[in-house]
Amino acid sequence: MWGGRFASGPAAIMREITPSIDFDKRLAGEDLAGSRAHCRMLATEGIISKDDGQAILGGLDAIEKEIAAGTFVFKRELEDIHLNIEARLAELIGPAAGRLHTARSRNDQVVTDFRLWVRSACVRADEGLMVLQKALLAQAETHLDTIMPGFTHMQVAQPVTFAHHLMAYVEMFGRDRGRFEDARKRLNESPLGAAALAGTSFAIDRDATAKALGFTRPMRNSMDAISARDFALEYLAACTISAVNLSRLAGELVQWSTPAFGFVRLSDAFTTGSSIMPQKRNPDAAELIRGKTGRVLGDFVALATVVKGLVLTYGTDLQEDKERVFDAADTLELSLAAMAGMIADLTANPQKMLAAAEAGYPTATDLADWVVRVLKKPFREAHHIAGSIVKAAEDKGVTLEKLPLAEMQAIEPAITQDVFAVLSLESSVKSRMSLGGTAPARVKEQVAHWKAAFK
């Protein structure tokens, strides 16, 4: 490969550290696509003959069939996917294969392949997130009126609906989809034609190859085109944030499925037993999703560290980019599929949720709001009054709606019987009619918005 520059071959250890074919063979489809676009452009511009161009395209088609059939032999001594394909092309069509690399370097070849792969990965992540959103949406539609406790500091705060809680994740994963879409748009520029780093003296048509590969345009600076890996970092950042969001939902599923909570039951398909305790139903899928967040974050940190001090343009350090991206993509896509499956077939327990919501005086804020609205007290004074009434109820071991009116009037004489209309969980939930609130009517609007968006 190195021609006449080197008198001897690489050391044995170099034959171990240098090859990337074990992982970059995943770029075979993208490499073939890039080579076809480059070949057609070379032939159109008269840089290679039409006959050579046709022979090259025919050879690339044959290689694609071999790879699909599993008969293509990947050789570690040829280092990477690019040289493996080039060598096989030479075996199939002879010397004409050598013309394919005219006006092209492995530097622009690999980053073109990589951008194509990451672009597809962004689309796959978006599709996986949408499937998860739809599963959440279906559960939300079933539980518009199911009341559960909303928490702050893991203490019961205010009553909400299960649908409202699930729709929060629909919004969260919607933002994740936006990040992947933004990353896809930003990376969709073609580095092909930047050659080694400085461009080429051949009269190539970079617009033609960019268009053929679905890029919006060629990259404007050849040095940037070769060296930039921020597109991979941006993809990994989107993966990391999405994995963190998945981890939050996974943590809730782990918690909700415990006997202490009992809010949901995960199906047999997504739980496991214990080797010693017959009664156990372990939420392994949720725990694994939660655990894999660190792995995806590690992929981001690893590539950021590789790129951190790298001068322009290319260094073999960048060979480390693909394994990190492949790992994050595999991990995220698997996690999304598992989470969508868990959500789709989980069974909620409205009775348990309601019982948990009744603890902790979650309508205390409704009481304070009533004092403000009806008795015209400043909120800070109303807050103090409501807090005193909660303490009285706590001392008697009753809920706010079971506390006698006389006990409330001993704290604030102006309170009337009308206050009880706002102290039930149902009335509290229905009253939260502000935009984005938990009132079933508002949650229905959220559901309708997303159903329309999916169409």
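Residues numbered from 1 in each chain as written. Predicted model: local features only at pLDDT ≥ 70, side-chain atom pairs only at ≥ 80, totals over all residues. Heavy atoms only, no water.

### Remarks on the overall build of the protein
Of the regular secondary structure elements, the protein holds 18 helices and six strands. Rg of the C-alpha trace for the protein: 31 Å, well past the compact-globule value of 23 Å for 455 residues, more than 25% over. For the C-alpha atoms alone, the extent of the protein along its principal axes is close to 100 × 55 × 40 Å. In the protein, once contacts between residues fewer than 6 apart in sequence are set aside, the share between residues at least 24 apart is 74%. By element, 55% of the accessible surface of the protein is carried by carbon and sulfur atoms, the whole surface being about 21800 Å². Side-chain charges of the protein comprise 53 positive and 57 negative groups, with the mean position of each set lying 2 Å from the other. (Helix = DSSP H or I, 4+ residues; strand = E, 2+ residues; numbered from the N terminus. Rg over C-alpha atoms; globule rule 2.2 N^0.38 Å. Contact = heavy atoms within 4.5 Å. Areas by Shrake-Rupley, 256 points an atom, 1.4 Å probe, with all protein chains shown as cover. Lys, Arg positive; Asp, Glu negative; His and termini not counted. Charge placed at Lys NZ, Arg CZ, Asp CG, Glu CD.)

### Some words on the nonpolar core
Residues Tyr-235, Leu-253 and Met-339 are the most contacted members of the largest nonpolar core, which totals 89 residues. Counting residues per element, this core draws most heavily on helix α10 (residues 230-256), at 14 residues. Those residues in contact with Met-339 that lie beyond four places of it in its chain are Leu-132, Leu-246, Leu-249, Ala-250, Leu-253 and Ile-289. Core analysis: the next-biggest nonpolar cluster, separate from the first, contains 23 residues, Ile-385, Ala-386, Leu-405 and Phe-420 among them. (Core = buried A, V, L, I, M, F, W, Y, C linked by side-chain atoms within 4.5 Å. Buried < 20%, exposed > 50% of the residue type's maximum accessible area, 1.4 Å probe, protein only.)

### With respect to the packing of aromatic side chains
If you walk through the whole model with that rule in mind, you get nine aromatic pairs. Each ring, one from Phe-114 and one from Phe-231, has its centre 5.6 Å from the other, and the planes form 70 degrees; the classification is edge-to-face. In this pair, Phe-114 is assigned in helix α6 (residues 106-142) and Phe-231 in helix α10, connecting sequence segments 117 residues apart. Take Phe-231: its relative accessible area is 3%, and that puts it in the buried class. Following the ring pairs from residue to residue traces out a cluster consisting of Phe-151, Phe-261 and Phe-263. (Phe/Tyr/Trp six-rings, centres within 6.5 Å; stacked < 30°, edge-to-face > 60°.)

### So, the pairing of strand β1 (residues 147-152)
Note: β1 against strand β2 (residues 155-161), six bridges, orientation antiparallel. The residue of β2 that forms the bridge with Pro-149 is Pro-159. Between the antiparallel neighbours β1 and β2 lie two residues, among them His-153 with a positive phi of about 55 degrees. (Pairing = 2+ DSSP bridges.)

### Digging into the environment of Ala-243
If you trace the backbone, Ala-243 turns up in helix α10. Sequence spacing of Ala-243 and Gln-417 is 174 residues, and the spatial spacing of their C-alpha atoms is 50 Å. Ala-243 has contacts with Thr-293, Val-296 and Leu-332, leaving out every residue within four places of it along the chain.

### Points about unusual backbone geometry
Going from Leu-312 to Thr-313, the amide bond is cis rather than trans, its omega being 10 degrees. Along the polypeptide, Thr-313 turns up in the loop between α11 (284-308) and α12 (321-345). Located in the positive-phi region is Ala-103, a residue other than glycine, with phi close to 65 degrees. Within the secondary structure, Ala-103 sits in the loop between α5 (81-93) and α6.

### Description of the side chain of Asn-107
Within the secondary structure, Asn-107 sits in helix α6. Taking the relative accessible area as the measure of exposure, Asn-107 reaches 17% and is therefore buried. At 2.9 Å, the side chain of Asn-107 forms a polar contact with the backbone oxygen of Ala-196. (Polar contact = N/O pair within 3.5 Å; in protein donor to acceptor, adjacent residues only side chain to side chain.)

### Some words on α11
With 25 residues, α11 extends 36 Å from end C-alpha to end C-alpha; this agrees with the ideal 36 Å at 1.5 Å per step. Ala-285, Ala-286, Ile-289, Thr-293, Val-296, Asp-299 and Leu-303 are the residues of α11 that are buried. Taken together, the buried residues of α11 touch α10 and α12. (Expected span 1.5 Å × (residues − 1).)

### Here we look at helix α15 (residues 379-396)
Along an α-helix, residues three or four positions apart point the same way, because every turn accommodates 3.6 residues. Taking 1.5 Å of rise per residue, the 18 residues of α15 would be expected to cover 26 Å, and the 26 Å separating its terminal C-alpha atoms lies within 8% of that figure. Within the span of α15, buried status applies to Ala-382, Ile-385, Ala-386, Ile-389, Val-390, Ala-392 and Ala-393. On an axial view of α15, the arc spanned by its buried residues comes to 160 degrees, and they lie on one face. When the buried face of α15 is taken as reference, the exposed residues oriented beyond 90 degrees from it are Arg-380, His-384, Glu-394 and Asp-395. Each element contacted by the buried residues of α15 is listed here: α14 (364-375) and α16 (405-409). (Arc of directions from axis to C-beta.)

### A short note on the packing of α14 against α15
Running from N to C, α14 and α15 cross one another at 135 degrees; their axes reach a closest spacing of 8 Å. By the angle between their axes, α14 is oblique relative to α15. Seen along the crossing, α14 lies across α15 with a hand that is right-handed. The residues of α15 that touch α14, namely those facing Ala-364, Leu-367, Ala-368, Asp-369, Val-371 and Val-372, are Phe-379, Ala-382, His-383, Ile-385, Ala-386, Ile-389 and Val-390. Each residue belonging to the contact of α14 with α15 can be placed in one class, and the counts come to eleven nonpolar, one polar and one charged. (Axes fitted to C-alpha atoms, helices over the stretch in contact; angles between N-to-C directions. Parallel < 35°, antiparallel > 145°, perpendicular 65-115°, else oblique. Left-handed = near helix turned anticlockwise from the far one by under 90°. Nonpolar A, V, L, I, M, F, W, Y, C, P; charged D, E, K, R; others polar.)

### Regarding the packing of helix α4 (residues 50-69) against α5
It is the contact of α4 with α5, at a shortest axis distance of 9 Å, that shows an interaxial angle of 115 degrees. The crossing of α4 and α5 is right-handed. Taking contact as the criterion, the partners of Ala-55, Ile-56, Gly-59, Leu-60, Ala-62, Ile-63 and Glu-66 in α4 are, on α5, Ile-85, Arg-88, Leu-89, Leu-92 and Ile-93. Grouping the constituent residues of the contact of α4 with α5 by class yields nine nonpolar, one polar and two charged.

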